[in-house]
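An overview of the molecular structure
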Amino acid sequence: MKITILYGTETGNAEMLAEDIQSEIEADHEVEISNLEDFAPADFDADCFYLLVCSTYGDGDLPASAQPFADAMAAEKPDLAAIHFAIFGLGDSEYDETFNHGPKKLAELMISHGAHQVGERVAHDASGSDMAEDLAFPWAEAVIAEVSEKLGEAA
């Protein structure tokens, strides 16, 4: 399967996790990785499945590298009806009111343009005892299997 991992980060944590996910799945799939600040709405490919990894910054905002993407989506208003994605969030529940809001905003943005979310949005809590990889690797495997099944049924 052709997979693109898109990440939005402020301090590099989402980039590092995206690279780890790429290493974990690239033996079985054709995988590319891109910072959301370098990805334009016109770059979406209907033959690709998208894994989004996003942190939260400030008062529940998108991280700096995701903001240009969000601005471009608002300006260009792309039709993403043929796009399937899954999203993994990074956050810290110490900031209870804004925990995991960046990934939530990114998922809502994708859905508002017609994209189809696969699986539930999973969030890693930096205040918890789990490592992000311990949640992200099984999540990636599960959503890849789910989209493979869905797209296989549609073919």
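Residues numbered from 1 in each chain as written. Predicted model: local features only at pLDDT ≥ 70, side-chain atom pairs only at ≥ 80, totals over all residues. Heavy atoms only, no water.

Bringing the overall build of the protein into the picture now. Along its length, the protein carries four helices and six strands. Its C-alpha radius of gyration of 14 Å places the protein within 12% of the 15 Å reference for a compact globule of 155 residues. Projected onto the principal axes, the alpha-carbon positions of the protein cover approximately 45 × 35 × 20 Å. When burial is assessed residue by residue, the protein has 45% of its 155 residues classed as buried. In the protein, the share of contacts with a sequence separation of at least 24, taken over all contacts with a separation of at least 6, comes to 82%. Accessible surface computed for the protein: about 7700 Å², of which carbon and sulfur atoms make up 46%. Counting 6 positive and 33 negative side-chain charges, the protein places the centres of these two groups 10 Å from one another. (Helix = DSSP H or I, 4+ residues; strand = E, 2+ residues; numbered from the N terminus. Rg over C-alpha atoms; globule rule 2.2 N^0.38 Å. Buried < 20%, exposed > 50% of the residue type's maximum accessible area, 1.4 Å probe, protein only. Contact = heavy atoms within 4.5 Å. Areas by Shrake-Rupley, 256 points an atom, 1.4 Å probe, with all protein chains shown as cover. Lys, Arg positive; Asp, Glu negative; His and termini not counted. Charge placed at Lys NZ, Arg CZ, Asp CG, Glu CD.)

Moving on, we come to the pattern of salt bridges. Pairing between side chains becomes possible if they bear opposite charge and their charged atoms approach one another. Counted according to the given criterion, the structure contains two salt bridges. The closest approach of N and O atoms between D45 and K2, which form a salt bridge, is 2.6 Å. Of the two residues, D45 sits in the loop between strand 2 (30-35) and strand 3 (49-55) while K2 sits in strand 1 (residues 2-8), which places them 43 residues apart along the sequence. You can call K2 partly exposed: its relative accessible area is 31%. Between K105 and D61 there is a salt bridge; the shortest N-O distance is 3.7 Å. In this pair, K105 is assigned in helix 3 (residues 101-112) and D61 in the loop between strand 3 and helix 2 (67-76), connecting sequence segments 44 residues apart. (Salt bridge = Lys/Arg side-chain N within 4 Å of Asp/Glu carboxyl O.)

Moving on to the nonpolar core. Counting residues in hydrophobic clusters, the biggest one holds 23 residues, and the most contacted among them are I5, I21, F49 and L51. Of all elements in the fold, only strand 1, helix 1 (13-25), strand 3, strand 4 (84-91) and helix 4 (132-154) reach the threshold of two or more residues within this core. In terms of residue count, helix 4 provides more of this core than any other element does, seven residues in total. Y50, M73, I87 and L109 belong to the second-largest nonpolar core, a separate cluster that totals 22 residues. (Core = buried A, V, L, I, M, F, W, Y, C linked by side-chain atoms within 4.5 Å.)

Another aspect to go through is the side chain of H29. In this structure, H29 sits in the loop between helix 1 and strand 2. Polar contacts involving the side chain of H29 include one to the main-chain amide nitrogen of M1, which spans 3.5 Å. Discounting chain neighbours no more than four positions away, the residues touching H29 are M1, I3 and I144. (Polar contact = N/O pair within 3.5 Å; in protein donor to acceptor, adjacent residues only side chain to side chain.)

All right, on to the pairing of strand 4 then. Most of strand 4 sits inside the fold, with eight of its eight residues counted as buried. Going residue by residue along strand 4, you find H84, A86, F88 and L90 tucked away on one face and F85, I87, G89 and G91 tucked away on the opposite face as well. Looking at chain direction, strand 3 and strand 4 are connected through seven bridges and run parallel. When the sheet's bridge partners are listed, C54 is paired in strand 4 with G89. With respect to chirality, the unit in which strand 3 leads through helix 2 into the neighbouring parallel strand 4 is right-handed. Where strand 4 lies against strand 5 (residues 116-117), two bridges are found, and the strand directions are parallel. Note that in strand 5 the partner of F85 across the bridge is Q117. (Pairing = 2+ DSSP bridges. Right-handed = clockwise from strand over helix to strand, strands pointing away.)

Summary statistics for the protein give a mean pLDDT of 89 and a share of 92% for residues scoring 70 or more. Mean pLDDT per element in the protein: strand 6 (residues 122-125) is the minimum at 75, and strand 2 is the maximum at 97. (pLDDT = per-residue confidence, 0-100.)

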